[in-house]
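The chain contents come next:
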Number of protein chains: 4
Amino acid sequence: MSTEQIQSCMEECLQAVMACNHCYQACLEEYHAGMLKASIRLSRECAEICAFAAQAMSLNSSYAKQICMICAEVCEACAQECRKHDHDPCQRCAEACYSCALACKAMAG
Amino acid sequence: MSTEQIQSCMEECLQAVMACNHCYQACLEEYHAGMLKASIRLSRECAEICAFAAQAMSLNSSYAKQICMICAEVCEACAQECRKHDHDPCQRCAEACYSCALACKAMAG
Amino acid sequence: MSTEQIQSCMEECLQAVMACNHCYQACLEEYHAGMLKASIRLSRECAEICAFAAQAMSLNSSYAKQICMICAEVCEACAQECRKHDHDPCQRCAEACYSCALACKAMAG
Amino acid sequence: MSTEQIQSCMEECLQAVMACNHCYQACLEEYHAGMLKASIRLSRECAEICAFAAQAMSLNSSYAKQICMICAEVCEACAQECRKHDHDPCQRCAEACYSCALACKAMAG
């Protein structure tokens, strides 16, 4: 990976952190009938691994690729769940997560 | 603070992290009628600041006291919310948080 | 604070995380004669509190202002240390930290 | 894994976080001739992934096993580096990390 590609993957991760946290909070606020339980669970987990992956890349960690591989998987799960909900923060979260998953897969090689 | 007191405050924080995360997850699983929304929100925030405070102490950070002061405040808010709920994980979380709040206040001086 | 100001403060924090981590790693690589010991210590601490502050803001935490207040203080200490060193990553870190400190102070009100 | 095994793996992780952070800080304080550069780098990374793994387990994350697998690998690398140094905090860090690596491998299955 070139420095630019790593930089861009970090930025995708940070965008996903923000989108996931926004989604998490909006879902928690509007929660009813358990409909958004899976979004709440996954958007928290996804925010945390995206932040962890961004940090591993920024520290030039030898484990960054392995972490990005898990990050891609969590991002996809989160995106698949969130895109089901007709709810703006969920839709934006799904988009950010799909985009981050792509960048992380490229990073993981 | 003696090394033993700092060590013990770190351990209180780590106990609170575990109790908060357990509470968070149990509340999310059993969520209905929005009754546990505040517990979910607070137990996540509380787990995160307790983990952050433990880390600051373990790194002998110059900012550990200030972080422990906020940590004590979040622990109290979480404990006050959680003890309202007749739900085992909430009750155990409340206890761990009260105990952590005391240790953090002593640490903050 | 308007949503735009909070958004912009989060972005300053994330920029500071990246600059601090880059500085940390460059200093560790080039370390000699203990000259960069304080930069290494502070850039790690600063990256961690900036990430924590960004997360608190993105979760709309009630404690975000208090966390931003400590974050501003750590950013200033890190910037003051790093600007002493005639070393590109330190200079860029100092700049990002000063800018983040300003945004965090405004956020803390 | 039984609940007791997961609990015990979380505790190994938290012990390793504390030992790594103590080692990090002692190495940074006593740093000379670049001898401890690798310990500093690895003990930070190891503390961070151990904390992340403990959190994933405490949240009952679907990704906990994969995270524990990477955690075991980082713990082993950290232990191998740290046991080379005739320095108390390094020796204690190496022990905690070996023990955590075993628990994480069992967890990862």
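To be clear, the structure that these remarks concern was listed above.
Note that the structure is predicted; figures quoted are calculated from it, not measured.

Draft legend 1. The arrangement of the overall build of chain A in detail. Scanning chain A for helices and strands turns up four helices and zero strands. Secondary structure of chain A in N-to-C order comes out as α-α-α-α. Considering only contacts within chain A whose residues lie at least 6 apart along the sequence, 68% involve residues at least 24 apart. With 8 positive and 13 negative side-chain charges, chain A shows a spacing of 7 Å between the two charge centroids.

Draft legend 2. Quick look at the relation of the copies chain A and chain D. You can overlay chain A on chain D at an RMSD of 0.0 Å; the transform is a turn of 180° with a shift of 0.0 Å along its axis. Accordingly, the operation relating the two chain copies is best matched by a two-fold axis.

Draft legend 3. Molecular detail of helix α3 (residues 64-82) of chain D. A rise of 1.5 Å per residue sets the reference length of α3 of chain D, with its 19 residues, at 27 Å; its end C-alpha atoms lie 26 Å apart and thus fit the reference within 8%. For α3 of chain D, the set of buried residues is Ala64, Ile67, Cys68, Ile70, Cys71, Ala72, Val74, Cys75, Cys78, Ala79, Glu81 and Cys82 of chain D. Tucked inside the fold, the buried residues of α3 of chain D contact α2 (37-58) and α3 (64-82) of chain A together with α1 (3-30), α2 (37-58) and α4 (88-108) of chain D.

Draft legend 4. View of the interface of chain A and chain D. Each partner contributes residues to the interface: chain A has 18 residues there, and chain D has 18 residues. Surface buried jointly by chain A and chain D totals about 1,700 Å² across both partners, of which 58% is contributed by carbon and sulfur atoms. On the chain A side of the contact with chain D, Phe52, Tyr63 and Ile70 of chain A bury the most area, a combined 34% of that side's loss. Linking chain A with chain D are zero salt bridges. Here chain A is connected to chain D by eight residue pairs in polar contact (both at pLDDT 80 or more). Mapped by element, the contributors of at least two residues to the side of chain A that touches chain D are α2 and α3 of chain A. Here the side of chain A that touches chain D gets seven residues from one element, more than from any other, and that element is α2 of chain A. The residue inventory of the side of chain A that touches chain D, partitioned by class, reads eight nonpolar, five polar and five charged.

Draft legend 5. Geometry of the interface of chain C and chain A. With 12 residues of chain C at the interface, the matching set in chain A holds 12 residues. A buried area of about 1,100 Å², summed over both sides, lies between chain C and chain A, and 60% of it is on carbon and sulfur atoms. Linking chain C to chain A there are zero salt bridges. Inspection of the chain C/chain A interface yields four residue pairs in polar contact (both at pLDDT 80 or more). Put simply, the parts of the chain that give the side of chain C that touches chain A at least two residues each are α1 (3-30) and α2 (37-58) of chain C. The element contributing the most residues to the side of chain C that touches chain A is α1 of chain C, with seven residues.

Draft legend 6. Structural view of the packing of helix α2 (residues 37-58) of chain B against α2 of chain C. Interhelical geometry of α2 of chain B versus α2 of chain C gives an angle of 170° and a closest axis separation of 12 Å. Relative to α2 of chain C, α2 of chain B is oriented roughly antiparallel. For the pair α2 of chain B and α2 of chain C, contact is made by Arg44, Glu48, Ile49, Phe52 and Gln55 of chain B and by Arg44, Glu48, Ile49, Phe52 and Gln55 of chain C, respectively.

Draft legend 7. Representation of the relation of the copies chain C and chain A in the model. The transform that puts chain C on chain A rotates by 180° and translates by 0.0 Å along the axis, for an RMSD of 0.0 Å. Looking at the interface residues of chain C, 100% of them are also at the interface in chain A, so both copies use one shared face.

Draft legend 8. Spotlight on the packing of aromatic side chains. Taken as a whole, this structure holds two aromatic pairs over all chains when the rule is applied. Note on phenylalanine 52 of chain A and phenylalanine 52 of chain D: the rings are 4.1 Å apart at their centroids and 0° apart in plane angle, and the pair reads as stacked. Of this pair, phenylalanine 52 of chain A sits in helix α2 while phenylalanine 52 of chain D sits in helix α2, each in a different chain. In this structure phenylalanine 52 of chain A comes out as buried when scored by relative accessible area, which is 12%. Sitting over the face of the ring of tyrosine 24 of chain B, arginine 44 of chain A holds its NZ or CZ atom 4.4 Å from the ring centroid.

Draft legend 9. A look at the environment of arginine 92 of chain B. Examined against the element boundaries, arginine 92 of chain B turns out to sit in helix α4 (residues 88-108). Note: C-alpha distance between arginine 92 of chain B and histidine 22 of chain B (70 residues apart in sequence) is 9.2 Å.

What counts and how
- Residues numbered from 1 in each chain as written.
- Chains lettered and ligands numbered in written order.
- Predicted model: local features only at pLDDT ≥ 70, side-chain atom pairs only at ≥ 80, totals over all residues.
- Heavy atoms only, no water.
- Helix = DSSP H or I, 4+ residues; strand = E, 2+ residues; numbered from the N terminus.
- Contact = heavy atoms within 4.5 Å.
- Lys, Arg positive; Asp, Glu negative; His and termini not counted.
- Charge placed at Lys NZ, Arg CZ, Asp CG, Glu CD.
- Least-squares fit on C-alpha atoms with pLDDT ≥ 70 in both.
- Expected span 1.5 Å × (residues − 1).
- Buried < 20%, exposed > 50% of the residue type's maximum accessible area, 1.4 Å probe, protein only.
- Buried area = accessible area lost by both parts, 1.4 Å probe.
- Salt bridge = Lys/Arg side-chain N within 4 Å of Asp/Glu carboxyl O.
- Polar contact = N/O pair within 3.5 Å; in protein donor to acceptor, adjacent residues only side chain to side chain.
- Nonpolar A, V, L, I, M, F, W, Y, C, P; charged D, E, K, R; others polar.
- Axes fitted to C-alpha atoms, helices over the stretch in contact; angles between N-to-C directions.
- Parallel < 35°, antiparallel > 145°, perpendicular 65-115°, else oblique.
- Phe/Tyr/Trp six-rings, centres within 6.5 Å; stacked < 30°, edge-to-face > 60°.
- Lys NZ or Arg CZ within 6 Å of the ring centre and 35° of its normal.

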